[in-house]
Amino acid sequence: MKYIEYVAYLLVLISAMIGFSHHEIACYMMAVGASALCLLHWREKYEGKNLRLKRIMRIRHFIGVIWLVASYYMFKEGNYWPVIILIAVVLEYYTIWIINREEKKEK
């Protein structure tokens, strides 16, 4: 399952890099990567009692939707998609950092 996530992030990264030069190919790459990330984020569940981790998991579900919105704007050929990708990446790094920190506290 982790490899699917790596491939999805790689597709999103490549589509963001070639988004301005090869727009049509980048749109479809972004759609596949964003759909995979959205599904993976929505499959994540936290069954523990830590309220902070429960909140972070809800944020991760919202990030999956943000990836889809970025893909939509890429197809629409608007100039908003780089900003939306930046927002998603910042939220991804924040949630990953908090999850790692909270899991270390629990151990």
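Now for a description of the structure that goes with this document. (Residues numbered from 1 in each chain as written. Predicted model: local features only at pLDDT ≥ 70, side-chain atom pairs only at ≥ 80, totals over all residues. Heavy atoms only, no water.)

## Quick notes on helix α2 (residues 23-43)
Its 21 residues place the ends of α2 30 Å apart at the C-alpha level, agreeing with the 30 Å of an ideal helix rising 1.5 Å per residue. The complete set of buried residues in α2 reads A26, C27, M29, M30, A31, G33, A34, L37, C38, L40 and H41. Residues of α2 that are buried in the fold lie against α1 (2-17), α3 (51-75) and α4 (81-106). (Helix = DSSP H or I, 4+ residues; strand = E, 2+ residues; numbered from the N terminus. Expected span 1.5 Å × (residues − 1). Buried < 20%, exposed > 50% of the residue type's maximum accessible area, 1.4 Å probe, protein only. Contact = heavy atoms within 4.5 Å.)

## Here's the deal with the packing of α1 against α2
Here α1 crosses α2 at 145°, and the two axes come no closer than 8 Å. The way α1 lies across α2 gives a crossing that is left-handed. Within the contact between the two elements, α1 uses I4, E5, A8, Y9, L11, V12, I14 and S15 and α2 uses A26, M29, M30, V32, G33, A34, A36, L37, L40 and H41. Residue classes in the contact of α1 with α2 are distributed as 14 nonpolar, three polar and one charged. (Axes fitted to C-alpha atoms, helices over the stretch in contact; angles between N-to-C directions. Left-handed = near helix turned anticlockwise from the far one by under 90°. Nonpolar A, V, L, I, M, F, W, Y, C, P; charged D, E, K, R; others polar.)

## Comments concerning the nonpolar core
Counting 16 residues, the largest nonpolar core has V12, M30, L37, W67, A70, M74 and I85 as its most contacted members. Elements with a minimum of two residues in this core: α1, α2, α3 and α4. Setting aside anything within four residues of it in sequence, one finds A70 in contact with M30, W81, I84 and I85. By size, the runner-up hydrophobic cluster in this structure holds five residues, among which are L53, I56, M57 and I98. (Core = buried A, V, L, I, M, F, W, Y, C linked by side-chain atoms within 4.5 Å.)

## Things to note about the pattern of salt bridges
Within the structure shown, the criterion is met by five salt bridges. For the salt bridge of E5 with R60, the shortest nitrogen-to-oxygen distance reads 3.8 Å. Placement of the pair is E5 in helix α1 and R60 in helix α3, with a sequence separation of 55 residues. Grouping residues by exposure puts E5 and R60 together as buried. One salt bridge connects E44 with R60, and the closest N-O pair in it is separated by 2.9 Å. Of the two residues, E44 is situated in the loop between α2 and α3 and R60 in helix α3; the sequence distance between them amounts to 16 residues. Given the relative accessible area of 3%, R60 is considered buried. A single salt-bridge network, built from bridges that share partners, covers E5, E44, R60 and E92. (Salt bridge = Lys/Arg side-chain N within 4 Å of Asp/Glu carboxyl O.)

None of the figures reported here should be taken as evidence of function without further support.
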